[in-house]
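Structure at a glance
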Amino acid sequence: MTAHILIIGVTGGIASGKSTVARAFARHDVPWVDADDVAREVVEPGEPALAAIATRYGERVLRADGRLDRRALRDIVFADPAERRWLESVTHPRIRERLLEHLAAFRRGPAPYALLVSPLLLESGQHELVDRILVIDVPEALQVRRTASRDDVDEAQARAIVAAQMPRATRLARADDVLDNDGDEAALEARVADLDRRYRALAGLPPAP
Ligand SMILES: CC(C)(COP(=O)(O)OP(=O)(O)OC[C@H]1O[C@@H](n2cnc3c(N)ncnc32)[C@H](O)[C@@H]1O)[C@@H](O)C(=O)NCCC(=O)NCCS
Ligand SMILES: Nc1ncnc2c1ncn2[C@@H]1O[C@H](COP(=O)(O)OP(=O)(O)OP(=O)(O)O)[C@@H](O)[C@H]1O
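Residues numbered from 1 in each chain as written. Chains lettered and ligands numbered in written order. Predicted model: local features only at pLDDT ≥ 70, side-chain atom pairs only at ≥ 80, totals over all residues.

For the chain, the name recorded in an unreviewed UniProt entry is Dephospho-CoA kinase, with Halomonas koreensis as its organism. Checking UniProt for the chain, the heading Pathway (unreviewed entry) contains the comment "Cofactor biosynthesis; coenzyme A biosynthesis; CoA from (R)-pantothenate: step 5/5." According to UniProt, the comment filed for the chain under the heading Catalytic activity (unreviewed entry) is "3'-dephospho-CoA + ATP = ADP + CoA + H(+)". (UniProt positions renumbered as here; feature names shortened; annotations may be inferred.)

Listed below in C-alpha cells is the structure:
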C-alpha cells in the first residue's frame, strides 16, 4: 500500500518567489521538487527533447559544447506563442514523467507533506498531481522588476513572459492558500511557518516544536 502524503502544489508567475518559499519550507524539513530544475534535466545532452529542439531550430540554439543555448531559445519562444506551444509539447510530457517519479519517492519517505514547485502548475495540468494549491502572489510591477534585476532579461521580455502565463486574478481564483510576497524575506519566513503548521495539521500530525 502507498502511504498517504499531502502534496502541495506551489505556483506563481515568474519571480514571484517560489524558489525562495521552497527554501524556507526546506528549513522545516519539507522535501520539494522544482519543475524548472526538471525542465533543465530533460534538455541535457543525450536527451530526446534536446535532439528534437536541435532538429527544429538548428545550430543557433546550441552552444559550442553541444548544450542548449537557453537564452537563444528563450528569445524564440517568448516572441512567438506557436513556438512556445511546440516547445511545451516536447518537454512537458517528459517533465511530468519525472515529477511523478519524485512524488513516488516522497511517498516512500517519512515527511508528512511535500512540495511540487512549478510556474506552470495550472497551465500544464500538473495540478492533477497535487492535493492543494498554494499561490505565491506579488503585484505585476514588482514581478517585472524582480525578473529584470535577477535574470539577463530586459523589461519588455519580462512583460512578454508574464503575458505568456496565467493572469494573476485567474491564478488566485484557483488557490487553496495564498502567500502574499510583497514584503521582505522575514515576512515570507513567518508566512511559511504558519503554512507549515497548517499543512502538518492537515496531514494529521502535530505541529513541529
Ligand atoms: C525557454 C527556456 C529555454 C528559457 O530558459 P531560461 O534559463 O532563460 O529560463 P528558466 O527555464 O529558468 O525559466 C524562467 C521562468 O520563465 C518562465 N517560463 C519558462 N517556460 C515557460 C513557458 N513555457 N510558459 C510560460 N512561462 C515560462 C517560468 O516562470 C520560469 O520560472 C526554458 O524556460 C524552457 O525550456 N521552457 C520550456 C519548459 C517549461 O515549460 N518550463 C517551465 C516549467 S514546467
Ligand atoms: N520577500 C522578498 N523580498 C525581497 N526579495 C525577494 C523576496 N522574495 C523573493 N525575492 C527575490 O525575488 C527574486 C525572485 O525570487 P525567486 O527566484 O524565489 O522566484 P521564483 O518564483 O522561483 O522565480 P522563477 O520561477 O522565475 O525562477 C529573487 O531574486 C529573490 O531573491
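When its secondary structure is counted, the chain shows 9 helices and 5 strands. In the chain, the order of α-helices and β-strands from amino to carboxyl end is β-α-β-α-α-α-α-β-β-α-α-α-β-α. In summary, the chain has a C-alpha radius of gyration of 18 Å against a globular reference of 17 Å for 209 residues, a match within 12%. Residues counted as buried form 29% of the 209 residues belonging to the chain. (Helix = DSSP H or I, 4+ residues; strand = E, 2+ residues; numbered from the N terminus. Rg over C-alpha atoms; globule rule 2.2 N^0.38 Å. Buried ≥ 20, exposed ≤ 12 C-beta atoms within 10 Å, placed from the backbone.)

This part covers the UniProt feature "binding site: ATP" (unreviewed entry) in the chain. Sequence positions flagged by UniProt for "binding site: ATP" (unreviewed entry) are, in local numbering, Ala-15, Ser-16, Gly-17, Lys-18, Ser-19 and Thr-20. Along the polypeptide, Ser-19 turns up in helix α1 (residues 18-26).

The next thing to look at is the pairing of strand β1 (residues 6-11). With 5 bridges connecting them, β1 and strand β3 (residues 113-117) associate as parallel partners. Across the sheet, Leu-6 pairs through a bridge with Tyr-113, a residue of β3. (Pairing = 2+ DSSP bridges.)

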